[in-house]
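Fold and geometry: a report
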Amino acid sequence: MTDQTDLPMRLTPYLMFFALCGCTQFPELDAARTPGVEKAPFPALLPLDGLLVGPEPRATPEMRSGIEGRVAGLRARAARLQRPVVSASDRARMEQGVAWPY
C-alpha cells in the first residue's frame, strides 16, 4: 500500500516527460499550405444522412481490369520477394568461411 505523500514523487517522471514534450519543434505547417488557401471559402458541411442514401457503388469492367492488373503485379512482386536473397553458389562460398591471410 502506498502512502499519499509518495504520489507526487511517483508522478514526477511523468510530469518531466510531458514537460519535455512541450519543448519539441513542430514542423512549419504554414509552409505546407498552397498559396491562396487562407482566402478560400470553407467547404460546405453536408448532413450525413444525405450522403448515405443512394445506390451502392458498383465496380465497372474497366475498374475490374485495372484492379486485376494491380493484383497480378503485386502477386509477382510478392513471389520475387519470396526468393532467396543469396544465390546458392554465393551461399556455398560463404559457408566455406574466410581464410586468414597469414
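See the structure shown above.
These figures come from a predicted structure and were not determined experimentally.

Quick look at the overall build of the protein chain now. When helices and strands are counted, the protein chain shows 4 helices and 0 strands. Scanning the protein chain from its N terminus toward the C terminus, one meets helices and strands in the order α-α-α-α. A compact globule built from 102 residues would reach a C-alpha radius of gyration of about 13 Å, whereas the protein chain, at 30 Å, exceeds it by more than 25%. Projected onto the principal axes, the alpha-carbon positions of the protein chain cover approximately 70 × 65 × 45 Å. Counting the 102 residues in the protein chain, one finds 0% classified as buried. Carbon together with sulfur atoms contributes 64% to the accessible area of the protein chain, which is approximately 10900 Å² in total.

Time to look at a nonpolar patch on the surface. A cluster of nonpolar side chains, Leu7, Leu11, Tyr14, Leu15, Phe17 and Phe18, forms an exposed patch at the surface whose accessible area comes to about 670 Å². Along the polypeptide, Leu15 turns up in helix H1 (residues 7-21).

Looking at the element boundaries, Leu81 is found in helix H3 (residues 61-82). On the basis of relative accessible area, Leu81 is assigned to the exposed category, the value being 65%. Counting along the chain gives 40 residues from Leu81 to Pro41, while the straight-line C-alpha distance between them is 48 Å.

Looking now at the environment of Arg93. Assignment of secondary structure puts Arg93 in helix H4 (residues 88-95). Arg93 gets classed as exposed once you look at its relative accessible area, which sits at 52%. Distance from Arg93 to Ala76, taken between C-alpha atoms, is 29 Å for residues 17 residues apart in sequence.

Little of H4 sits inside the fold, with 0 of its 8 residues counted as buried. At the exit of H4 stands Gly97, carrying a positive phi of roughly 90°.

Parameters at a glance
Residues numbered from 1 in each chain as written. Predicted model: local features only at pLDDT ≥ 70, side-chain atom pairs only at ≥ 80, totals over all residues. Heavy atoms only, no water. Helix = DSSP H or I, 4+ residues; strand = E, 2+ residues; numbered from the N terminus. Rg over C-alpha atoms; globule rule 2.2 N^0.38 Å. Buried < 20%, exposed > 50% of the residue type's maximum accessible area, 1.4 Å probe, protein only. Areas by Shrake-Rupley, 256 points an atom, 1.4 Å probe, with all protein chains shown as cover. Patch = residues over 30% accessible without salt bridge, like charges linked within 9 Å, V, L, I, M, F, W, Y side chains within 5 Å. Salt bridge = Lys/Arg side-chain N within 4 Å of Asp/Glu carboxyl O.

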